[in-house]
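These are the residues of each chain, in order.
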Amino acid sequence: MRSLIYVLTALAVIGSGFWAYRENYTTQAELDRVSDLRRDIAAARERLAVLNAEWAYLNRPDRLRDLADINFDRLGLLPLRPEQFDTVDRVIFPLPRPISITEPIDVTSAGVSQ
């Protein structure tokens, strides 16, 4: 009986060691994956910063004004003036569409059993 307990205990220790070994390698693989993801995120943020800088550079008012002047014959763009804008209270918003009731329900006698 004792030898059976010793064998089962030894197998449990070996099984625990094997499980801990596998978990260690799984954890290391996930940590490497997280490190790769963080590197990818940092590269994406760097690309985004470059794209934002390019966008700001390309949308400079003086550059856009020069482009509008160069392409005036083709586009017919004119500079914006404050007189071209109006106040919000003068905007005409669409009226809500009326709800059509096709089959009215009599609520005074609904649910009352006679």
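Residues numbered from 1 in each chain as written. Predicted model: local features only at pLDDT ≥ 70, side-chain atom pairs only at ≥ 80, totals over all residues. Heavy atoms only, no water.

> So what's going on with the overall build of the protein chain? Residues and values would help.
A tally of regular secondary structure across the protein chain gives three helices and zero strands. Computed over the C-alpha atoms, the radius of gyration of the protein chain is 37 Å, more than 25% above the 13 Å expected from 2.2 N^0.38 for a compact globule of 114 residues. The principal-axis extent of the C-alpha atoms belonging to the protein chain is close to 100 × 80 × 25 Å. Burial status across the protein chain gives 2% buried among its 114 residues. As displayed, the protein chain has an accessible area near 11,600 Å², and 63% of this comes from carbon and sulfur atoms. Considering the protein chain, the positive charge centre built from 14 side chains and the negative charge centre built from 16 side chains are found 8 Å apart. (Helix = DSSP H or I, 4+ residues; strand = E, 2+ residues; numbered from the N terminus. Rg over C-alpha atoms; globule rule 2.2 N^0.38 Å. Buried < 20%, exposed > 50% of the residue type's maximum accessible area, 1.4 Å probe, protein only. Areas by Shrake-Rupley, 256 points an atom, 1.4 Å probe, with all protein chains shown as cover. Lys, Arg positive; Asp, Glu negative; His and termini not counted. Charge placed at Lys NZ, Arg CZ, Asp CG, Glu CD.)

> Account for the packing of aromatic side chains, naming residues and giving values.
Counted according to the given criterion, the structure contains one aromatic pair. When the ring centre of Tyr57 is taken as origin, the NZ or CZ atom of Arg60, which lies over that ring, is 4.1 Å away. (Phe/Tyr/Trp six-rings, centres within 6.5 Å; stacked < 30°, edge-to-face > 60°. Lys NZ or Arg CZ within 6 Å of the ring centre and 35° of its normal.)

> Just give me the short version of the pattern of salt bridges, but keep the residues and values in it.
With the rule as written, the count across this model stands at five salt bridges. For Glu30, the salt bridge goes to Arg33, with nearest N and O atoms at 3.0 Å. One end of the pair, Glu30, and the other, Arg33, are both in helix 1 (residues 2-58), three residues apart, so they sit about a helical turn from each other. For Arg33, a relative accessible area of 48% gives the class partly exposed. One salt bridge in this structure joins Arg60 and Asp62, with 3.9 Å as the shortest N-O distance. Of the residues examined, Asp62 reaches a relative accessible area of 38% and is grouped as partly exposed. (Salt bridge = Lys/Arg side-chain N within 4 Å of Asp/Glu carboxyl O.)

> Describe a nonpolar patch on the surface, naming the residues involved and giving the relevant values.
On the surface, a cluster of nonpolar side chains totalling about 900 Å² of accessible area is made up of Met1, Leu4, Ile5, Tyr6, Val7, Leu8, Leu11 and Ile14. One can find Leu8 in helix 1. (Patch = residues over 30% accessible without salt bridge, like charges linked within 9 Å, V, L, I, M, F, W, Y side chains within 5 Å.)

> Break down the confidence of the model for the protein chain for me, with residues and values.
Here the protein chain shows a mean pLDDT of 88. Residues at 70 or above account for 95%. Of all secondary-structure elements in the protein chain, the lowest mean pLDDT belongs to helix 3 (residues 72-75), at 85, while helix 1 reaches the highest, 95. (pLDDT = per-residue confidence, 0-100.)

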